[in-house]
Amino acid sequence: MSARRDLCHAAAAFALVAIMASCSGSSDRSPGADGSAGTGEPTTTGAGSQAGVPPGAEVLGTARPGMPFTLTVLASDTANDPHRWQFTVRSVVCGKPLDHAVLAYAADAVGSPTATPTPESGKQFCVLAMEAVNVGKSMASWDASDKVSLNVADTRYTESQRDADYALDYAQYWNSKGETAPTFGINPGSKGPVHGVFQIPAGEKPTSLWVTSGTAITTFDGVQPGYLVHLP
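Described in the following lines is the structure provided in the data block. (Residues numbered from 1 in each chain as written. Predicted model: local features only at pLDDT ≥ 70, side-chain atom pairs only at ≥ 80, totals over all residues. Heavy atoms only, no water.)

**A word on helix H2 (residues 100-110)**
Link 1 in the chain: Of the positions making up H2, those classed as buried are Val102, Leu103, Ala106 and Ala107. The buried residues of H2 occupy an angular sector of 130° when projected down its axis, which confines them to one face. Looking at H2, the residues exposed on the side facing more than 90 degrees away from the buried face are His100, Asp108 and Ala109.
Link 2 in the chain: Packing partners of the buried residues in H2 comprise helix H3 (161-176).
Link 3 in the chain: Remark: Gly111 follows H2 within two positions and exhibits a positive phi of approximately 70°. (Buried < 20%, exposed > 50% of the residue type's maximum accessible area, 1.4 Å probe, protein only. Helix = DSSP H or I, 4+ residues; strand = E, 2+ residues; numbered from the N terminus. Arc of directions from axis to C-beta. Contact = heavy atoms within 4.5 Å.)

**Thoughts on the packing of aromatic side chains**
The geometry of an aromatic ring pair is captured by the separation of the ring centres together with the interplanar angle, meaning the angle of the planes.
Link 1 in the chain: Within the structure shown, the criterion is met by 7 aromatic pairs.
Link 2 in the chain: Ring centres 6.2 Å apart and planes at 75° place the aromatic pair Tyr105 and Tyr173 in the edge-to-face group. In this pair, Tyr105 is assigned in helix H2 and Tyr173 in helix H3, connecting sequence segments 68 residues apart.
Link 3 in the chain: Within the aromatic cluster, the residues linked to one another by ring pairs are Phe69, Trp85, Phe87, Trp142 and Tyr227. (Phe/Tyr/Trp six-rings, centres within 6.5 Å; stacked < 30°, edge-to-face > 60°.)

**A few points about unusual backbone geometry**
Link 1 in the chain: Of note, Asp146 is a non-glycine position whose phi angle comes to about 70°, a positive value.
Link 2 in the chain: Turning to its location among the elements, Asp146 is positioned in the loop between strand S4 (123-134) and strand S5 (148-152).
Link 3 in the chain: Phi at Ala153 takes a positive value of approximately 55°, unusual for a residue other than glycine.
Link 4 in the chain: Classification of Ala153 by relative accessible area gives partly exposed; the value is 37%.

**With respect to the state of the cysteines**
Link 1 in the chain: Within the structure shown, the criterion is met by 1 disulfide.
Link 2 in the chain: Here Cys94 connects covalently by a disulfide to Cys126, the sulfurs 2.0 Å from one another. Of note, the bridge from Cys94 to Cys126 carries an S-S torsion of about 115° and is right-handed in sense. Highlighted residues: Cys94 in strand S3 (residues 83-94) and Cys126 in strand S4, separated in sequence by 32 residues.
Link 3 in the chain: Judged by its relative accessible area of 25%, Cys94 is partly exposed. (Disulfide = S-S within 2.5 Å.)

**Regarding the pattern of salt bridges**
Link 1 in the chain: Evaluated as defined, the whole model comprises 4 salt bridges.
Link 2 in the chain: Close ionic contact of Arg90 with Glu131 constitutes a salt bridge, the shortest N to O distance being 3.5 Å. Separated by 41 residues along the polypeptide, Arg90 in strand S3 and Glu131 in strand S4 bring together distant segments of the chain.
Link 3 in the chain: Note on Arg90: relative accessible area 49%, which makes it partly exposed.
Link 4 in the chain: A salt bridge links Lys123 to Glu120, with the shortest nitrogen-to-oxygen separation between them at 3.7 Å.
Link 5 in the chain: With relative accessibility at 41%, the residue Glu120 sits in the partly exposed group.
Link 6 in the chain: Residues joined by salt bridges that share partners form a network here, namely Arg90, Glu131 and Lys191. (Salt bridge = Lys/Arg side-chain N within 4 Å of Asp/Glu carboxyl O.)

Here it is, written out as structure tokens:
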């Protein structure tokens, strides 16, 4: 009888130790630590999440098309009255000809036949459409030239002088339609369309945009902060 009682006590003690060990082991692991549990959106820490950011640049935030974000433009001549903009990326269209109506308006303005621009060999045009709202305290102007890069993974493409000329054609066309582009300056509370024209390798798909808060992506003071806009 005594032997049976001792055996029962030993079995109970072993079970208790096993239960305590199991509880201790589970309480030391936070939910989701192994990726199998937890709530909320996953945090991406890989290099891919930063692809398109200029080396050394401070990322002020991230956005997606349709999501407004605000930038204060850093410039020495506006230090006491900085320009502030709210931007919303509307679309990025690649692989199609430039808008015929825009080209026809530009040609008519100088009395020339409508041109049919072609991208560089092995490249395709990409047209960026954004909305810009002046949320500062004074009239300001802004365009995408030298301030926006269209990125394919970690390779960044900016407007050439030729591309910038096409973007100006877009601004003039929309200005003729009563939608004043920020290129020409708009007052506080006013908004207007911004277009950028880029050339990236044919067949590639852009993955992000970098929008700087400086007067250029890189100035005499070095690379400037900005926003990274992830494209679908």
